[in-house]
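# Architecture and fold: a report
The primary structure of each chain is shown beneath.
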Amino acid sequence: MKLLSWLPWRKASFAARSPSLSWNGVDELPLDEAAFTVLDLETSGLEPKRHHIVQMGAVRLEKGSIALGNIWSGLVRAQGERSPESLLIHEISPQQQAGGEPLPQLMRDFARYSENTVWVAWDADFDLAFLDRAWPQAGLEQARPLALDLAELAACVLPEWRGRRLGLDDCLKYCGLPVSDRHDALGDALVSAQLLQLLIGRAKQKGVLTLGQARRLMQSHKRRQANAF
């Protein structure tokens, strides 16, 4: 769920930091040969310490192709606090959530699904703020996968686009991609995977061929933005 396209508490982007993880050996992977898990969450609010994951959706992008036969989604059994606005966004009722799975089980299933991939999400720090709390609570001892911020990549390779503050829908429209099934975790993950395909193509046109080159481009872009203010 992205109630806001720009979160006021945003800190350093997860495009540039992944605690306890190393990009060594991954940075040299060509963008069009790497395996990505493009993910999205619907949540009960914006605050990870108060709110919880409602729904998870993920799509694999392997060697530049969306693996439509290997998609994943899960509905989380109702738990904890819910903001009044959240139901208006994702339309998942507490009654529907009552039929969901416990979050620890879903996290273990998601860990298996996304193993040996790089996570990608729009405004990744929002999703990771929830996932990084749920990961150890599920008893997962291994380090979670590395993650890239799709919005940061879009800002780098779409210079004429007006920026991430306008959100995913605006970026999809700018790129001529369909906007459908939004605010459903799996639907959002699918359109995000389509956007990632397009952005990889644009990055390659700019001579950005590997994960490491893409990360360094995003880091440089972020520094330029910070210096502009």
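A short tour of the structure in this document, coming up. Just so you know, these numbers come straight off a predicted model, no measurement behind them.

## Some words on the overall build of the protein chain
Summing up its helical and strand segments, the protein chain has eight helices and five strands in all. Going from N to C terminus, the protein chain has its helices and strands arranged as β-β-β-α-α-α-β-α-β-α-α-α-α. Burial statistics for the protein chain: of 229 residues in total, 51% are counted as buried. Restricting to contacts in the protein chain with at least 6 residues of sequence separation, those with at least 24 account for 73%. For the protein chain, the exposed surface amounts to about 10800 Å²; the carbon and sulfur share of it is 51%.

## Examining the packing of helix H5 (residues 150–157) against helix H7 (residues 185–205)
Remark: H5 packs on H7, axes separated minimally by 10 Å, with the N-to-C direction vectors making an angle of 35°. Read as a crossing pair, H5 and H7 show a hand that is left-handed. Across the interface between the two elements, Leu 150, Leu 153, Ala 154 and Val 157 from H5 touch Ser 192, Leu 195, Leu 196, Leu 199, Arg 202 and Ala 203 from H7. Residues belonging to the contact of H5 with H7 are distributed by class as follows: eight nonpolar, one polar and one charged.

## Some details on unusual backbone geometry
Even without a glycine there, the phi angle at Asn 116 is positive, about 65°. One can find Asn 116 in the loop between helix H3 (103–113) and strand E4 (118–121). In this model, Asp 123 sits at a positive phi of 50°, which is unusual for a non-glycine residue.

## Digging into a nonpolar patch on the surface
A cluster of nonpolar side chains, Leu 68, Ile 71 and Leu 190, forms an exposed patch at the surface whose accessible area comes to about 260 Å². Positionally, Leu 68 belongs in strand E3 (residues 65–75). When its relative accessible area of 60% is taken as the criterion, Leu 68 is described as exposed.

The rules behind each value
- Residues numbered from 1 in each chain as written.
- Predicted model: local features only at pLDDT ≥ 70, side-chain atom pairs only at ≥ 80, totals over all residues.
- Heavy atoms only, no water.
- Helix = DSSP H or I, 4+ residues; strand = E, 2+ residues; numbered from the N terminus.
- Buried < 20%, exposed > 50% of the residue type's maximum accessible area, 1.4 Å probe, protein only.
- Contact = heavy atoms within 4.5 Å.
- Areas by Shrake-Rupley, 256 points an atom, 1.4 Å probe, with all protein chains shown as cover.
- Axes fitted to C-alpha atoms, helices over the stretch in contact; angles between N-to-C directions.
- Left-handed = near helix turned anticlockwise from the far one by under 90°.
- Nonpolar A, V, L, I, M, F, W, Y, C, P; charged D, E, K, R; others polar.
- Patch = residues over 30% accessible without salt bridge, like charges linked within 9 Å, V, L, I, M, F, W, Y side chains within 5 Å.
- Salt bridge = Lys/Arg side-chain N within 4 Å of Asp/Glu carboxyl O.

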